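Now for the letters of each chain:
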Amino acid sequence: MLSNVKHIFKLDPNKEISDENLQRVCESGTDLILVGGTDGVTEDNVLDLLARVRRYSVPLALEVTNVDSVTAGFDHYFVPSVFNTDDINYRDGILAQALESHFPVIDFEEISLFPYIILNEDSKAFKKSNAYLPDEKRLTSILHMMDKLYKFPYIYIEYSGKLGSIDKVKEISNTLENSKMIYGGGIRNAEEAGEYSEVADIVVVGNAIYDDLKQALKTVARSK
Ligand SMILES: CC(C)=CCC/C(C)=C/CC/C(C)=C/CC/C(C)=C/CC/C(C)=C/CC/C(C)=C/CC/C(C)=C/COP(=O)(O)OP(=O)(O)O
Ligand SMILES: O=P(O)(O)OC[C@@H](O)CO
Ligand SMILES: [Mg+2]
């Protein structure tokens, strides 16, 4: 699903977007529209975005953050799992529960794990998953576990809402041997997209869609 993806626009079902702006996002040349957010995600607002984005040919995936909002009709489903938390619910506890009820209807070809390290302690995702900020030694050991032991195809380095330190993101990228890096957080313009896509395999742009769409659209070309 992610093999030729360099740029992702993440749409939050809990935020309003006009038809005109949605058209610009869908026709921007982005490689994937990912629908997801930490809170206020419901079956209704997910269905609304699904129906509106489906008018366009862009690939569309759902990042599942609660079981009730899972809706058929997406090209793919990504299930987040947070690795810098000791709260097992956000590693695989909720997932195990969800599989109890959804197992009979799941086509596992359509589902992939999004293994996260969340490094912005002010973000909602960090707070919700009871994440901790790892020191350098712990961050390296978590990365080794994910990259060299689990050999995840992708690791999502999440700074949701703010730009991560480029030096730190480079350090993380240099540590990885098996996993590709998805970077998300604070990318707002072409220059930032260019800088972070030189380090990460995939960049994700979210909030800028809602705050300054004109600049957000310019991130697409610079990520390729
Ligand atoms: C019929 C059919 C289509 C079947 C498909 C079956 C299917 C896909 C079933 C899946 C069921 C399932 C396995 C559910 C699991 C649910 C699960 C694991 C929930 C855990 C979610 C989780 C770990 C939440 C923690 C927070 C987090 C990591 C969220 C990720 C998204 C994110 C980082 C959003 C950005 O948030 P933020 O910027 O902080 O806040 P805003 O939303 O304001 O932007
Ligand atoms: O909203 P921003 O800060 O662009 O972050 C994108 C994405 O990584 C959020 O999950
Ligand atoms: Mg967001």
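Bear in mind that the values here come from a model prediction, so they are computed numbers and not experimental data. (Residues numbered from 1 in each chain as written. Chains lettered and ligands numbered in written order. Predicted model: local features only at pLDDT ≥ 70, side-chain atom pairs only at ≥ 80, totals over all residues. Heavy atoms only, no water.)

**Q** Would you take a moment to explain the site of ligand 1 for this structure?
**A** Lining the immediate environment of ligand 1, one finds 27 residues, of which Thr-38, Lys-124, Ala-125, Glu-158 and Ser-160 sit closest. Thr-38 places a side-chain nitrogen or oxygen 2.6 Å from an oxygen atom of ligand 1. The separation between an oxygen atom of ligand 1 and a polar side-chain atom of Lys-124 is 2.8 Å. A total of 1100 Å² of accessible area belongs to ligand 1 in isolation, and the protein chains cover 92% of it. (Near = heavy atom within 4 Å. Polar contact = N/O pair within 3.5 Å; in protein donor to acceptor, adjacent residues only side chain to side chain. Areas by Shrake-Rupley, 256 points an atom, 1.4 Å probe, with all protein chains shown as cover.)

**Q** Is there a simple way to explain the pattern of salt bridges in this structure?
**A** A pair can form between side chains of opposite charge whenever their charged atoms are brought close. This model, assessed by the stated rule, comprises nine salt bridges. Between Asp-39 and Lys-124 there is a salt bridge whose closest N-O contact spans 3.1 Å. Highlighted residues: Asp-39 in the loop between strand S2 (32–35) and helix H2 (43–53) and Lys-124 in helix H4 (residues 124–128), separated in sequence by 85 residues. Two residues, Arg-54 and Asp-75, come together in a salt bridge whose shortest N-O distance is 2.8 Å. Pair noted here: Arg-54 is in the loop between H2 and strand S3 (60–63) and Asp-75 is in the loop between S3 and strand S4 (76–82), with a separation of 21 residues, a long-range link. The partly exposed category is assigned to Asp-75, whose relative accessible area is 35%. Residues joined in a network through salt bridges with shared partners are Asp-19, Asp-48 and Arg-52. (Salt bridge = Lys/Arg side-chain N within 4 Å of Asp/Glu carboxyl O. Helix = DSSP H or I, 4+ residues; strand = E, 2+ residues; numbered from the N terminus. Buried < 20%, exposed > 50% of the residue type's maximum accessible area, 1.4 Å probe, protein only.)

**Q** Can you help me understand the nonpolar core in this one?
**A** In a soluble, globular protein the nonpolar side chains are often hidden away together inside. In this structure, Phe-9, Ile-33, Val-53, Ile-117, Ile-157 and Tyr-183 are the most contacted members of the largest nonpolar core, which totals 50 residues. The residues contacting Ile-157, other than those within four sequence positions of it, are Ile-117, Leu-119, Ile-172, Met-181, Ile-182, Tyr-183 and Gly-184. With 19 residues, the next largest nonpolar core counts Leu-34, Val-82, Ile-202 and Val-204 among its residues. (Core = buried A, V, L, I, M, F, W, Y, C linked by side-chain atoms within 4.5 Å. Contact = heavy atoms within 4.5 Å.)

**Q** Help me understand the site of ligand 2 in this model?
**A** In the vicinity of ligand 2, the contacting residues are Lys-10, Tyr-156, Glu-158, Ser-160, Gly-161, Gly-184, Gly-185, Gly-186, Val-204, Val-205, Gly-206 and Asn-207. Between Glu-158 and ligand 2, the recorded distance is 2.6 Å, taken from a side-chain N or O atom to an oxygen atom. Take Gly-185: an N or O atom from its main chain is 3.4 Å from an oxygen atom of ligand 2. In isolation ligand 2 offers 300 Å² of accessible surface; the protein chains occlude 93% of this area. Secondary structure elements with two or more residues in the shell around ligand 2: strand S6 (154–158) and strand S8 (202–205). For the shell around ligand 2, a count of residues per class yields three nonpolar, seven polar and two charged. (Nonpolar A, V, L, I, M, F, W, Y, C, P; charged D, E, K, R; others polar.)

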